[in-house]
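Observations on the model geometry
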Amino acid sequence: MTRTPKTFHVKSFGCQMNVYDGERMAELMAADGMVATDDANAADLVVLNTCHIREKATEKVYSDIGRLRKYGKQGDGGPMIAVAGCVAQAEGDEIIRRAKVDVVVGPQAYHNLPRLVADAAAGTPTLDTDMPLASKFGALPARRKVGPSAFLTVQEGCDKFCTYCVVPYTRGAEVSRPFAAIVDEAKALVDAGAREITLLGQNVNAWTDGERGLHDLIRALDRIPALARIRYTTSHPNDMTQGLIDAHRDVEGLMPFLHLPVQAGSDRVLRAMNRSHTRDSYLTLLDRIRAARPDIALSGDFIVGFPGETEAEFAETLRLVDAVGYAQAFSFKYSPRPGTPAADMDGQVAAAVMDDRLQRLQTALNRDQHAFNAATLGRRCDVLIERRGKLPGQWLGKSPWLQSVHIVGDHAIGDLIDVAIAEAGPNSLRGTPAIAQAA
Ligand code: 5AD
Ligand code: SF4
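What you are looking at is a predicted structure, and each value in this text was computed from that prediction instead of being measured. Per chain, residues are indexed from 1 in the order of the written sequence. To read the labels, note that chains go from A and ligands from 1, taken in the order they are written. Residues qualify for local features only when their pLDDT is at least 70, as the model is predicted, and side-chain atom pairs are given and counted only at 80 or more; totals for whole chains, interfaces and linings, by contrast, use all residues. The side-chain numbers reported here are obtained from all heavy atoms of the structure, hydrogens and water having been left aside.

**Overview of the packing of aromatic side chains**
- Within 6.5 Å between ring centres, the rings of Phe, Tyr and Trp (the latter by its six-membered ring) count as paired, and their orientation is classed by plane angle as stacked under 30 degrees, edge-to-face over 60, tilted in between. Here the structure, examined in full by the defined rule, presents four aromatic pairs.
- Ring plane angle 85° and centroid distance 6.3 Å describe the contact between Tyr 164 and Phe 306, whose orientation is recorded as edge-to-face. With Tyr 164 in the loop between β8 (155-156) and α5 (167-170) and Phe 306 in the loop between β15 (297-304) and α11 (311-324), this residue pair connects regions lying 142 residues apart in the sequence.
- Using a relative accessible area of 10% as the deciding quantity, one classes Tyr 164 as buried.
- Exposure is judged per residue with a 1.4 Å probe applied to protein chains only, and the accessible area is read against the type maximum: over 50% gives exposed, under 20% gives buried, and values in between give partly exposed. Since its relative accessible area comes to 0%, Phe 306 is described here as buried.
- Arranged with centres 5.6 Å apart and planes meeting at 70°, the rings of Phe 306 and Tyr 334 form a pair that is edge-to-face. Here a strand is any run of E in DSSP of at least two residues, a helix any run of H or I of at least four, and the numbering for each starts at the N terminus.

Take a look at the structure:
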């Protein structure tokens, strides 16, 4: 039986790179003649673009598959289901066995999605988790229509092998896309409506092409006239070069925001994590970055309850947070991932202890986020309008420091407007159009 899908829906979980991959898969299927739909339950084909970073993320995939079978398109064998992303890469065969989906496609193979879907439509499940040497990017259609803030993958994979992390296994070794291909894609994104581009990579600041480093790429993109803002994420402390720090001082379009995960505050834990930086080297690095760009907003990732973490070691994480004053941050309970060294380490921490530590850490991080927001009260800054707010006439945009800003007025998506920050809450700001000073 052949059941060629006419409509599709892509649902992405996890990181921003998955969001980017999901957009590219949608473009690919649209170019193949399928029509996108917002309603997963009405689609002939649903692509679940999965995340494998923590346990819960994996479980979500199986419950989503169950939900689609129950509430998704009925008749003709139900919706076709394709599992993409890092769970597909890590558990390909297992997914086909356990959940009987139609297609499994890994993050380095999704340029083959239309062919895999066509093969599966003929009746047999298909799987492609190859990591070919030739990059998928050359096989993807050009960018067409994007929002004012767009993602652009410049680097994939990771060679760092932090002992808790699956990324080096699911995304493979560090690979950088060529300079010219990235500049071309950035120009296409700008032509398609982007005013801000966030360069993505699991180790984005390890990006390189010959002699060039990420700062050279940022300086080149800053010369694209209609591109107002450049961001990049996620960075590793060890790849934070002087050139990149200098770019934060010199490049006007590079936003004053840096996501620089530290994970933990204790040197023993950092060593066990194989982080290859210490608490002190991280703090010294932040001093250098702040000297170059004093108003930079810092963000980070934290793991509590890494195997063997004592209360005293956790307290060092809290002290590091106090010392840095993050503008925002993500924090997670350690989750043992199959095949990673930490999963087999002694001293796995009890769930209740992790809950307690996570709560204390998040209390500190929320306090600092609110304080950071409060410190922008009364300041003037540009806000890039990204979408409508919930109330009539309300718009939602981002400050240079990546805060969400609500504004009421006669604006449009993509406007870059000068506002004064009038109110600061824990999670967002309210801005009013700035009154230009009389000359
Ligand atoms: N358990 C908990 N958190 C993890 N992260 C990565 N692997 C794990 C894990 N096994 C977190 C790290 C990383 C972020 C993307 O996810 O903090 O920076
Ligand atoms: Fe995972 Fe560490 Fe690589 Fe980040 S640097 S992707 S945490 S292994």
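**What to know about the site of ligand 1**
- One heavy atom within 4 Å of a molecule or strand makes the whole residue count as near it. Around ligand 1, the structure places Ile 53, Arg 54, Tyr 164, Gln 263, Asp 301, Ile 303, Phe 332, Lys 333, Tyr 334, Ser 335 and Arg 337.
- Identification of polar contacts relies on pairs of N or O atoms within 3.5 Å, with a donor-acceptor requirement for protein atoms, meaning one able to donate a hydrogen and the other able to accept it, and with residues adjacent in sequence counted only if both atoms are side-chain atoms. A distance of 2.9 Å separates an oxygen atom of ligand 1 from a polar atom in the side chain of Arg 54.
- Note that a nitrogen atom of ligand 1 is positioned 2.8 Å from one of the backbone N or O atoms of Ser 335.
- Here ligand 1 loses 87% of its free accessible area of 400 Å² to cover by the protein chains. Exposure was quantified through the Shrake-Rupley algorithm and a 1.4 Å probe, taking into account, for residues, occlusion by the shown protein chains and nothing else.

**Section: unusual backbone geometry**
- Residue Thr 233 is joined to Thr 234 through a cis peptide bond whose omega torsion reads 0°.
- Tracing the chain through its elements places Thr 234 in the loop between β13 (229-233) and α8 (242-250).
- Of note, the phi angle at Leu 402 is positive, near 65°, even though the residue is not glycine.
- For Leu 402, the location among the structural elements is in the loop between β18 (394-398) and β19 (404-408).
- The partly exposed category is assigned to Leu 402, whose relative accessible area is 26%.

**A few points about the pattern of salt bridges**
- Every case where a carboxyl oxygen of Asp or Glu lies within 4 Å of a side-chain nitrogen of Lys or Arg is listed as a salt bridge. With the rule as written, the count across this model stands at 35 salt bridges.
- Between Arg 219 and Asp 250 there is a salt bridge, with the nearest N and O atoms lying 3.1 Å from each other. Of this pair, Arg 219 sits in helix α7 (residues 214-221) while Asp 250 is found in helix α8, placing the two residues 31 residues apart along the sequence.
- Looking at Arg 219, the relative accessible area reads 29%, which means it is partly exposed.
- With relative accessibility at 40%, the residue Asp 250 sits in the partly exposed group.
- Here Glu 386 and Lys 398 are joined by a salt bridge, their closest N and O atoms 3.7 Å apart. With Glu 386 in strand β17 (residues 380-388) and Lys 398 in strand β18, the pair connects residues that are 12 residues apart, well separated along the chain.
- In this structure Glu 386 comes out as partly exposed when scored by relative accessible area, which is 22%.
- Beyond isolated ion pairs, a larger network of salt bridges with shared partners links Glu 23, Arg 24, Glu 27, Arg 143, Arg 177 and Glu 185.

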